[in-house]
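Inside the fold
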Amino acid sequence: MTTLWDTSGTAVVQALAAERRSGGAVTSGLALTLVVVLAEKDTTDVEAAVSTASARHPMRVIMVMRHNIDAPVPRLDAEVSIGGRHGPGESVVLRMFGRLALHAESVTLPLLAPDAPVVAWWYSETPHIIAHDPLGVFAERRITNVIRDADPAASLLQRANDYAPGDTDLTWTVITPWRAALASAFDTASAPATSVVVSGNPADPSAQLLAGWLSSRLGFEVPVEKAHGKYISSVSLQFEDGRNVQMTNEGYKLLMRRPGQADTIAPFPQRSTGDMLAEELRRLDADGPYGEALGAVSGQTGLNERPASRTHIWHDPALAAREG
Amino acid sequence: MSSIDDHSPAISAGDGPQLPRGLRSNPLRDPSDRRLPRVPEPCALVVFGVTGDLARKKLLPATYDLANRGLLPADFVLLGFARRDWEDDDFETLARKSAKEHARTDWNEDVWARLSGDIKFIPGSFDDDQAFDTLAETLDDLRDSHGIKGNAAFYLSIPPSMFPVVLKQMQRTRMADNAVSGGWRRVVIEKPFGNDLASARQLNALVDDVFTAQDVFRIDHYLGKETVQNLMALRFANQLFEPVWNSHYVDSVQITMAEDGGIAGRATFYDATGAARDVLQNHLLQLLALTAMEEPVEFTAEAIRTEKIKVLRAITLPLDLGSYAVRGQYDQGWLAGERVLAYRSEKNVPPDSKTESFAAVRLGIDTRRWAGVPFYVRTGKRLPRRVTEIAVLFKKAPHLPFSHTDTEELGHNQLVIRVQPDEGVTLKFGSKVPGSMMEVRDVAMDFLYGEAFTESSPEAYERLILDVLLGDATLFPRNEEVEASWQVIDPLEAFWSGQEPQLYRAGEWGPKASEEMLAKDGRGWRRP
């Protein structure tokens, strides 16, 4: 590992090249570059997630931490390592102070793996408008995490307003097991569904996305009804032939209840953020079903027809704060 | 919203694996939704010979792993059949123990609790009519009590000599009949698929008669490996390799499957079989077929099989078998720092055994693409290391502008597909030695799946069982492929029969004749 204090972007590029050359067996199969935007307090969580994900996808990880923008002198500290605590891939940690934080791309761009796709991940505090963050502009895939925002439901709606194909949110990734279970419940259906109700916390973005996804696929409104629990508690399905299915989340199990048949229990895998990040990185094209679900949640249409690329909009938080 | 389709299961079972029934009718399934896993329809997995080695070490753990990854349907039953005086509980204990011991994924008590409720055992021997009647009744009962809809896959984890008895029983009870069951009925069989062409044909006729040909899944666990599937991606998803994948550019192909182990525990079977029948006939010829086949018109089971059969039927043996078909047997020696016994001194092997533990042969493929390119194929036990790889060696450049001494160290350009271990791809090419002199030597460019990536990539059995339950036959050889392979092996066995195998010291790369075989052609084995 190389640690550089008060350094420059060029020195970081050279340090990475030196690590690669002196590292002996070089991992040359880079599939992508992951740019993580995080705050200092999230380091432990992000490191754990990144090391899980980079074990499955060979990648270069660039972690960007922005510190007090109003510091009088801009400064860059960096850490370069290969095969360390961030998993088997290459990793660069960049700490940016002062006005440099607003020009993070000037350090990041030369560090991207040549001609490999770029994924940006905001671990917490998604920018209100992604185009305000230059790191989100050059990324082909953008991963947000609205559950860590102050008002997740409002944040999710803002994701729909600001959506461009290639965006996804981890609150969507969370519900893949639910969606898989529902899809397999429909595999055995012999008649169309007439009504579906999601029960849980109506303000939970995952519950909203699940209902949104069901609405977009089934062609009728699927509501989220208030029930105990912070997230999704259960989903009930009513079919045209009178059959009904009740699926309940019991800790890490999914209980499926059908009249006239023995209850079945399926495991609900306990997935870490790293597992979910790895799921995100499996495919680097736009996630159409997410766009449709998000459209159904927000009542907007044509989300997936929007242009996929963004243009950077200059935004100075110091200036914005002064203007109120 | 699309309407729920009302095909009878018997018809849709034959509609091919590309579009499982759910995809056409299920409004929640969208081909562009790549996050949702492929989950089979409700079904039962019936394992015959459930107390055997394979079942305990591979099948039961793989079933648990599938359950743990959420890839089994909610309505699923595991049925064991064996000659033990057991209740469901006893079987559950055995299954639990073997799953816990050999499972690839973490142990999760909840997952097991769910699975254990759906584990049944039926005691009986294979000639016991009553036991099979009970089995048939149980499957009928499960249709309602567990919602399996008459779907069942039968895994015959039993010696091939028992196949006829078991299959006749299934025929008698009409268990194998899709129409009678109202769902699909599939059968899974393991190698050996016969021990020559005649017996393979007999076996195929029997299985295909009891089940329909498309419901028979022959397991070749090599085809479940990630790299083997990657071979197709490498060849057919890229523009770079296909133009040079022919006799104009390829000098020769070497396929090696080496094991450092002996024949521990399999002596009786192995001594009657030998390396050529055990490995060459199935794994190696399948790898060869995947390397040499033309591009399938689409990535479906049917299209891939068509191409594989074409190339398997075009395989030719050399006229001079004496020089180009070598069989060997290991003598005592040292391997990995330990003294090991000679083949003939192994337990349960007759001291005058003529069975080969090493086979190497030069094959040709009579097609426009491959005419004149030798395919050197070898397999053996007690070789220096366990490795399986396919190496494509390219011709040398027709003219080198460098002086002879500059390029002395330059070999053939090679593309190596490493099947196991260290799954990945290596490209070997010439590069200048840094310095003031113009010297060219070989360097290797490696693509390696990350260590943890290969660890978490599904075990071949897991993938194959899932494919059986899904009805996806892409990775399974069909009857014609098996027969075409025997057509290659039979003349070899006939030539070898009665011959004394050539001895090689354990821990060597086979007998001397194997080196001489390539030396005769001006080539040499690549050291894997």
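Residues numbered from 1 in each chain as written. Chains lettered and ligands numbered in written order. Predicted model: local features only at pLDDT ≥ 70, side-chain atom pairs only at ≥ 80, totals over all residues.

1. Quick notes on the overall build of chain B
Helix and strand content of chain B: 17 helices and 18 strands. Taking 24 Å as the expected radius of gyration for a compact globule of 528 residues, we find that chain B reaches 25 Å, a close match to that expectation. Its C-alpha atoms give chain B principal-axis dimensions of roughly 80 × 60 × 40 Å. Taken across its 528 residues, chain B has 44% of its residues classed as buried. Here the analysis covers contacts within chain B between residues at least 6 apart in sequence; of these, 78% occur between residues at least 24 apart. (Helix = DSSP H or I, 4+ residues; strand = E, 2+ residues; numbered from the N terminus. Rg over C-alpha atoms; globule rule 2.2 N^0.38 Å. Buried ≥ 20, exposed ≤ 12 C-beta atoms within 10 Å, placed from the backbone. Contact = placed C-beta atoms within 7 Å.)

2. Topic: the overall build of chain A
For chain A, the helix and strand inventory stands at 11 helices and 14 strands. Its C-alpha atoms put chain A at 70 × 50 × 35 Å along the principal axes. A total of 324 residues make up chain A; the buried ones form 45% of that total. Put simply, 72% of the contacts in chain A that link residues at least 6 apart link residues at least 24 apart.

3. Concerning the pairing of strand 16 (residues 424–432) of chain B
A regular strand carries its side chains on alternate faces of the sheet. With five bridges joining them, strand 15 (residues 414–420) of chain B and strand 16 of chain B adopt antiparallel strand pairing. In the sheet register, valine 416 of chain B faces strand 16 of chain B, and the bridge partner there is threonine 426 of chain B. (Pairing = 2+ DSSP bridges.)

4. Focus on the sheet that holds strand 6 (residues 118–122) of chain A
Residue and element names in this part refer to chain A. Spatially, the eight strands line up as an open sheet ordered 1-4-5-3-2-6-7-8, and their pairing is mixed. Taken across any chain shown, the strands that pair with only one partner, and hence form the sheet edges, are strand 1 (2–4) and strand 8 (167–169). This sheet shows a mean twist of 15° between the axes of neighbouring strands, independent of strand direction. Across seven bridges, the pairing between strand 3 (residues 59–66) and strand 5 (residues 87–97) is parallel. Paired with isoleucine 62 across the strands is valine 92, a residue of strand 5. The strands touched by helix 1 (residues 9–22) are strand 1, strand 4 (75–84) and strand 5; relative to strand 4, the strand with the most contacts, the crossing angle is about 15°. (Axes fitted to C-alpha atoms, helices over the stretch in contact; angles between N-to-C directions.)

5. Focus on the interface of chain B and chain A
Between chain B and chain A, the contact holds 39 residues from the first and 37 residues from the second. Sorting the residues of the side of chain B that touches chain A by element identifies helix 3 (53–68), helix 5 (109–116), strand 17 (440–448) and helix 14 (451–456) of chain B as the ones contributing at least two each.

6. Some remarks on the domain arrangement of chain B
How big an interface is tends to be expressed through the accessible area that disappears when the partners come together. Residues and elements named next belong to chain B. Each assigned domain of chain B is listed here: domain 1 (37–190) and domain 2 (224–520). Between the C-alpha centres of domain 1 and domain 2 there is a distance of 34 Å. When residues of the side of domain 1 that touches domain 2 are traced back to their parent elements, those giving at least two are helix 3 and strand 5 (185–190). Per-element accounting of the side of domain 1 that touches domain 2 gives the leading share, six residues, to helix 3. Taken together, the residues of the side of domain 1 that touches domain 2 sort by class into nine nonpolar, one polar and five charged. (Domains from an automatic or database assignment. Nonpolar A, V, L, I, M, F, W, Y, C, P; charged D, E, K, R; others polar.)

7. Concerning the pairing of strand 4 (residues 152–156) of chain B
Residues and elements named next belong to chain B. Here strand 4 lies mainly inside the structure; five of its five residues are buried. Here strand 4 shows no split at all, with Ala152, Phe154 and Leu156 on one side and Ala153 and Tyr155 on the other all buried. As judged from the five bridges shared by strand 1 (residues 43–48) and strand 4, these two strands associate in the parallel manner. Bridge pairing in strand 4 links alanine 44 to alanine 152. Bridge count for strand 4 against strand 5 is five bridges, and the pairing is parallel.

8. Thoughts on the sheet that holds strand 1 of chain B
Residues and elements named next belong to chain B. Spatial strand order, 3-2-1-4-5-6: six strands in an open sheet with parallel pairing. Strands with a single pairing partner mark the edges of an open sheet, and in this sheet they are strand 3 (119–123) and strand 6 (216–219). Neighbouring strand axes in the sheet, compared pairwise and without regard to direction, differ in orientation by 20° on average. Sheet topology note: the strand 2 (residues 76–82)/strand 3 ladder contains five bridges and is parallel. Paired with leucine 78 across the two strands is isoleucine 119, which belongs to strand 3.

9. Describing the confidence of the model for chain B
Residue and element names in this part refer to chain B. For chain B, per-residue confidence averages 86 on the pLDDT scale, and 94% of positions sit at 70 or higher. The low-confidence segment residues 1–24, where pLDDT is below 50, has 41 contacts with residues more than four positions distant or belonging to other chains. Residue range residues 451–455 is modelled with pLDDT below 50. Its contacts to residues more than four positions away, or to other chains, number eight contacts. In the model output, the complex is listed with pTM 0.83 alongside ipTM 0.79. (pLDDT = per-residue confidence, 0-100.)

10. Some thoughts on the packing of helix 12 (residues 301–313) of chain B against helix 16 (residues 479–496) of chain B
Residue and element names in this part refer to chain B. Relative orientation of the contacting elements helix 12 and helix 16 amounts to 15°, with a least axis distance of 9 Å. When the interaxial angle is binned, helix 12 and helix 16 end up roughly parallel. Considering how the two elements wind past one another, helix 12 and helix 16 form a crossing that is left-handed. The residues of helix 16 that touch helix 12, namely those facing Arg305, Lys308, Ile309, Leu312 and Arg313, are Glu480, Glu481, Ala484 and Ser485. Counted by class, the contact of helix 12 with helix 16 contains three nonpolar, one polar and five charged residues. (Parallel < 35°, antiparallel > 145°, perpendicular 65-115°, else oblique. Left-handed = near helix turned anticlockwise from the far one by under 90°.)

11. Focus: the nonpolar core
Looking at soluble globular proteins, one finds that nonpolar side chains tend to be buried together. Core analysis: the largest hydrophobic core is formed by 223 residues, its most contacted members being Val36, Val64 and Leu94 of chain A. When residues of this core are assigned to their parent elements, the largest contribution, 11 residues, is made by helix 11 (residues 267–292) of chain B. In contact with valine 36 of chain A, not counting residues within four places along its chain, are Val46, Val50, Val61, Met63, Val64, Trp121 and Tyr123 of chain A. (Core = buried A, V, L, I, M, F, W, Y, C linked by C-beta atoms within 7 Å.)

12. Some details on unusual backbone geometry
All names here are of chain B. Cis geometry is found at the peptide bond from lysine 191 to proline 192, where omega equals 5°. Within the secondary structure, proline 192 is located in the loop between strand 5 and helix 9 (197–210). Not every positive phi belongs to a glycine, and arginine 174 is a case in point at roughly 60°. Accessibility expressed as a C-beta count within 10 Å gives 13 for arginine 174, which makes it partly exposed. One non-glycine residue, asparagine 348, lies in positive phi territory at about 70°. For asparagine 348, a count of 12 C-beta atoms within 10 Å corresponds to the exposed category.

13. Notes on helix 4 (residues 88–102) of chain B
Residue and element names in this part refer to chain B. Taking 1.5 Å of rise per residue, the 15 residues of helix 4 would be expected to cover 21 Å, and the 21 Å separating its terminal C-alpha atoms lies within 8% of that figure. For helix 4, the set of buried residues is Phe91, Glu92, Leu94, Ala95, Ser98 and Ala99. One side of helix 4 carries all its buried residues, which in axial view fall inside an arc of 165°. Among the exposed residues of helix 4, those pointing more than 90 degrees away from its buried face are Asp89, Lys97 and Glu101. (Expected span 1.5 Å × (residues − 1). Arc of directions from axis to C-beta.)

14. Regarding the packing of helix 9 of chain B against helix 16 of chain B
Residue and element names in this part refer to chain B. Put simply, helix 9 and helix 16 touch, their axes get as near as 9 Å, and they point 170° apart. Taken together, the axis directions place helix 9 and helix 16 in an arrangement best described as roughly antiparallel. Contact residues: helix 9 offers Leu197, Ala200, Arg201, Asn204 and Asp208, while helix 16 offers Asn479, Val482, Glu483, Trp486, Gln487 and Asp490. Of the residues in the contact of helix 9 with helix 16, the class split is four nonpolar, three polar and four charged.

15. Focus: the domain arrangement of chain A
When its domains are assigned, chain A resolves into domain 1 (2–170 + 307–323) and domain 2 (176–267). Each of domain 1 of chain A and domain 2 of chain A has a C-alpha centre, and the two are 36 Å apart.

16. Regarding helix 7 (residues 163–173) of chain B
Each α-helix winds once per 3.6 residues, and so residues spaced three or four apart point in a common direction. Residues and elements named next belong to chain B. Three or more residues of helix 7 are buried, namely Phe163, Val166, Leu167, Gln169 and Met170. Each buried residue of helix 7 sits inside an arc of 155° when the element is viewed along its axis, so together they form one side. Taken together, the buried residues of helix 7 touch strand 1, helix 6 (129–145), strand 4 and helix 9. Just downstream of helix 7 lies arginine 174, where phi reads positive at about 60°.

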